[in-house]
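Working through the structure, step by step
For reference, the chains in residue letters:
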Amino acid sequence: MSKNTIHFDDIGLPIPDLVMKMPYDKQCDVYNYLKKMGDVEKKAYLIAKEHLGSSFNICKSNGYKEWKKKESAL
């Protein structure tokens, strides 16, 4: 990843517009979280994004919060 460009296309998941408006470091966190998702987590992500639409905020999701907590502990 270059300093200003994160290639979310590599993940193969739709990315909420909100993520693209976040600061670079937060986008990096979201990218790394999405990259580490398993198949079940990806399916849950897609369902949540579809059902919540524009109000979906991945950073407020339980999965992201748990991942962030574990990452911070390292």
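A short tour of the structure in this document, coming up.

1. Examining the layout of surface pockets
Quantified by volume, the largest pocket comes out at close to 280 Å³. Considering the residues around the largest pocket, the lining is formed by 15 residues, among which Tyr33, Met37, Glu41, Asn62 and Gly63 are closest to the centre. Every element with two or more residues in the lining of the largest pocket is listed here: helix H3 (39-52) and helix H4 (62-73). Counting residues per element, the lining of the largest pocket draws most heavily on H4, at five residues.

2. Quick word on H3
In a regular helix each residue adds 1.5 Å, so 14 residues correspond to 20 Å; H3 covers 20 Å between its end C-alpha atoms and thus fits that length. The positive-phi residue at the C-terminal boundary of H3 is glycine 53, with phi of around 60°.

3. Some words on the nonpolar core
Membership of the largest hydrophobic core comes to 19 residues, with the highest contact counts inside it found for Phe8, Val19, Val30, Tyr33, Leu34, Tyr45 and Ile58. Elements supplying a minimum of two residues to this core: helix H2 (24-35) and H4. Considering every element that reaches this core, the biggest residue donor is H2, with five residues. Excluding its chain neighbours within four sequence positions, the residues that come into contact with valine 19 are Phe8, Gln27, Val30 and Ile58.

4. A closer look at the state of the cysteines
Inspection of every chain in the model, using the stated rule, returns zero disulfides. You can see cysteine 28 has no disulfide; the closest cysteine sulfur is in cysteine 59, sitting 12 Å from it. You can call cysteine 59 buried: its relative accessible area is 13%.

About the criteria used
- Residues numbered from 1 in each chain as written.
- Predicted model: local features only at pLDDT ≥ 70, side-chain atom pairs only at ≥ 80, totals over all residues.
- Heavy atoms only, no water.
- 1 Å grid on protein atoms, 1.4 Å probe; cavity = no way out; pocket = protein on both sides within 12 Å on 5 of 7 lines; lining within 4 Å.
- Points joined across faces, edges and corners; volume = space filled by probe spheres on them.
- Helix = DSSP H or I, 4+ residues; strand = E, 2+ residues; numbered from the N terminus.
- Expected span 1.5 Å × (residues − 1).
- Core = buried A, V, L, I, M, F, W, Y, C linked by side-chain atoms within 4.5 Å.
- Buried < 20%, exposed > 50% of the residue type's maximum accessible area, 1.4 Å probe, protein only.
- Contact = heavy atoms within 4.5 Å.
- Disulfide = S-S within 2.5 Å.

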